[in-house]
Amino acid sequence: MPVALATYWQVRHELAQDLKPSALTISQYVVLVQLAAGRRETGMTELALAGRFDPATATVLVDGLVRRGLVTRRRAPGDRRRVMVRLTARGRRLHQTATRRLILRWRQALRSFDGDEQRELLTLLLRLLEGLQTPGAGEGG
C-alpha cells in the first residue's frame, strides 16, 4: 500500500505541475478530455459519470470553464431539463496544448522502459483499474 499511495500522490503532483501553464486543474482537464474524446456535445450527467464527479462538482467545473470561454453550455432542445456541454475552439486548443505537454512529460518518465515494457505496464495498469472497478473490490473479506 505505501508504494501505491506514493505513486498516486506523485502522479497527482506531476499532473498538477504539468497543467499549471495552462491554468487548469486536474478536474478541469478531465472535463476537457471527456469533451474532446466525444467530439460532440455531451450531457452533464455523462460528464459527471465519466469524470467520476458528483453532479454538483461537474456543474461547478463547467461553470468555471464557461467563464473562461473553453466550453459552451445549452439546454437540450428535446428535453429542457438536460444540459449539453461542448468544447469551444479555444477549449480544444488548450486541451491540445496541455495534452502535448503531458505526453512529453510522460514520455520522459517512461524513457527507461523499452517498448515491450511500456506495453506490459499499460496492460498491468488496465488490469489494476479493472480490478478496482469491480463491484465489491473495496470490501473486506
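See the structure above.
Analysis parameters
- Residues numbered from 1 in each chain as written.
- Predicted model: local features only at pLDDT ≥ 70, side-chain atom pairs only at ≥ 80, totals over all residues.
- Heavy atoms only, no water.
- Axes fitted to C-alpha atoms, helices over the stretch in contact; angles between N-to-C directions.
- Helix = DSSP H or I, 4+ residues; strand = E, 2+ residues; numbered from the N terminus.
- Parallel < 35°, antiparallel > 145°, perpendicular 65-115°, else oblique.
- Contact = heavy atoms within 4.5 Å.
- Nonpolar A, V, L, I, M, F, W, Y, C, P; charged D, E, K, R; others polar.
- Expected span 1.5 Å × (residues − 1).
- Buried < 20%, exposed > 50% of the residue type's maximum accessible area, 1.4 Å probe, protein only.
- Arc of directions from axis to C-beta.
- Core = buried A, V, L, I, M, F, W, Y, C linked by side-chain atoms within 4.5 Å.
- Patch = residues over 30% accessible without salt bridge, like charges linked within 9 Å, V, L, I, M, F, W, Y side chains within 5 Å.
- Areas by Shrake-Rupley, 256 points an atom, 1.4 Å probe, with all protein chains shown as cover.
- Salt bridge = Lys/Arg side-chain N within 4 Å of Asp/Glu carboxyl O.

Regarding the packing of helix α3 (residues 44–51) against helix α4 (residues 55–67)
And step 1. Relative orientation of the contacting elements α3 and α4 amounts to 105 degrees, with a least axis distance of 9 Å. By the angle between their axes, α3 is roughly perpendicular relative to α4. Contacts between α3 and α4 involve Met44, Leu47 and Ala48 from the former and Pro55, Ala58, Thr59 and Val62 from the latter.
And step 2. Along the lines of polarity and charge, the residues of the contact of α3 with α4 split into six nonpolar, one polar and no charged.

Notes on the environment of Ala109
And step 1. Structurally, Ala109 can be placed in helix α5 (residues 89–109).
And step 2. Between the alpha carbons of Ala109 and Leu87 there is a distance of 30 Å; along the sequence they are 22 residues apart.

Quick look at α5
And step 1. Spanning 21 residues, α5 covers 30 Å between terminal C-alpha atoms, matching the ideal 30 Å at 1.5 Å per step.
And step 2. Turning to α5, its buried residues number three or more, namely Gly91, Leu94, His95, Ala98, Thr99 and Leu102. When α5 is viewed along its axis, its buried side chains cluster within an angular range of 130 degrees and face the same direction. The exposed set on the far side of α5, more than 90 degrees from its buried face, consists of Ala89, Arg100, Leu104 and Arg107.

Points about the nonpolar core
And step 1. Grouped together as the largest cluster of nonpolar side chains are 24 residues, with contacts concentrated most on Leu24 and Val71.
And step 2. Of all the secondary structure elements, the ones that give two or more residues to this core are α2 (26–38), α3, α4, β3 (83–87) and α5.
And step 3. The leading source of residues in this core is α2, at six residues.
And step 4. With residues near it in sequence (within four places) discarded, Val71 still touches Leu32, Leu35, Val62, Leu65, Val66, Val85, Arg86, Leu87 and Thr88.

Things to note about a nonpolar patch on the surface
And step 1. On the surface, Met1, Leu5, Tyr8 and Trp9 cluster together to form a nonpolar patch covering roughly 510 Å² of accessible area.
And step 2. The exposure class assigned to Trp9 is exposed, which follows from its relative accessible area of 54%.

In short, the description is geometric, and any link to function would need to be established separately.
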